[in-house]
Amino acid sequence: MRLDRTISLLLASITRRYTNGKIPILMYHSVSPVVKSMKHPYFCTEITPGTFELHLNYLAENGYTVKPLSELANMTDKTGRAGSRNVIITFDDGYQDFFEYALPLLKKYKMPATMFIPAGLIDKGDCELEGRRLMSWEQIRECCKQGIEIGSHSHTHRVLVDLSSDDLAAELCNSKVLLEEKLNTEITSFAYPYKFPEENKRFVMQLCKMLEMNGYKFGVTTRIGLFKYGNCTLQMKRLPVNEFDDILLYRAKLNGNYNWMYALQYILKMFRSVINSN
């Protein structure tokens with residue numbers, strides 16, 4: 001039995017939608033006909049084109065408006081009442097399978113997305129990340145022409161919390177500079193690679209300060225939940241989505257019934273932090 005699905009669907013059955021103007025920011029990674037992951041469904045970062053289309057079709061048929069991350073400020077007001085049917089689709093890593101499978105579907109449904117690119121890895125060597133081929137600069141430029149917004153996913157996709165201050169600054173700055181040079185567009189969004197170390201308050205403060213200094217306006221993480229007015233826009237929560245999200249679970253996530261997972265996620269992070277410090 002998949003516990004996170006069971007609890008989320010139970011919550012969905014006994015509660016109303018309680019998004020109250022909160023905005024789901026969906027987090028996808030790889031779109032491929034074959035899901036190779038042998039991990040627990042929670043940790044899967046793959047989705048087939050068929051399931052991805054089911055998700056897009058659900059958004060289209062249920063009155064959702066999909067917008068790029070850069071329009072976030074236009075989706076909310078000070079009361080938090082705006083944007084109850086707005087949703088943001090994001091993709092991390094810039095895999096070539098996005099170009100092959102996801103882009104045509106987004107174009108079919110006339111939906112934008114925001115793609116986060118590890119700029120320093122593009123067109124370098126075998127141009128792969130975690131065993132999957134990355135898009136080329138030519139393909140990324142074509143994505144831009146098709147309405148895909150591009151953001152930074154650091155320069156070389158390193159574990160940023162393990163870096164020195166100078167190396168961290170380089171990862172944020174070099175990626176932005178290269179993306180703007182190659183794509184001739186302003187880059188204002190950033191996606192933190194790997195799990196977000198929110199338990200390390202000093203690092204988070206340093207990261208947010210450096211993001212601001214480098215001209216980033218939006219930052220997304222792997223923290224689970226919905227975005228709401230008043231949240232820090234440099235460490236926003238997202239909803240992980242993958243092949244194992246059927247429509248019932250997908251709807252539950254959109255409606256806020258998966259938010260309970262954040263508390264568990266945070267407790268586990270704090271527990272590991274305590275263990276590692278001893």
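Structure: see above.
The rules behind these values
- Residues numbered from 1 in each chain as written.
- Predicted model: local features only at pLDDT ≥ 70, side-chain atom pairs only at ≥ 80, totals over all residues.
- Heavy atoms only, no water.
- Helix = DSSP H or I, 4+ residues; strand = E, 2+ residues; numbered from the N terminus.
- Buried < 20%, exposed > 50% of the residue type's maximum accessible area, 1.4 Å probe, protein only.
- Axes fitted to C-alpha atoms, helices over the stretch in contact; angles between N-to-C directions.
- Left-handed = near helix turned anticlockwise from the far one by under 90°.
- Contact = heavy atoms within 4.5 Å.
- Nonpolar A, V, L, I, M, F, W, Y, C, P; charged D, E, K, R; others polar.
- Salt bridge = Lys/Arg side-chain N within 4 Å of Asp/Glu carboxyl O.

A few words now on unusual backbone geometry. The backbone phi angle of H157 is positive, close to 60°, even though this residue is not glycine. With respect to the helices, strands and loops of the structure, H157 is situated in the loop between β9 (148–152) and α5 (165–183). Using a relative accessible area of 7% as the deciding quantity, one classes H157 as buried. Not every positive phi belongs to a glycine, and Y194 is a case in point at roughly 65°. Within the secondary structure, Y194 is located in the loop between β10 (189–191) and α6 (201–213).

A few words now on the packing of helix α3 (residues 96–108) against helix α4 (residues 137–145). As a packed pair, α3 and α4 sit with axes 10 Å apart at the nearest point and diverge in direction by 35°. The interaxial crossing formed by α3 with α4 has left-handed handedness. Residue-level contacts link Q96, F98, F99 and L103 of α3 to Q139, E142 and C143 of α4. Its residues placed into classes, the contact of α3 with α4 shows 4 nonpolar, 2 polar and 1 charged.

Evaluated as defined, the whole model comprises 9 salt bridges. Note that D246 and R5 form a salt bridge whose closest N and O atoms lie 2.5 Å from each other. Note that D246 is positioned in the loop between β12 (236–240) and α7 (247–254) and R5 in helix α1 (residues 3–14), a separation of 241 residues in sequence. Residue class for R5 comes out partly exposed when judged on its relative accessible area of 24%. When the shortest N-O distance is used, the salt bridge between K253 and D245 registers 2.8 Å. Overlapping salt bridges bring together R2, D4, D245 and K253 as one network.

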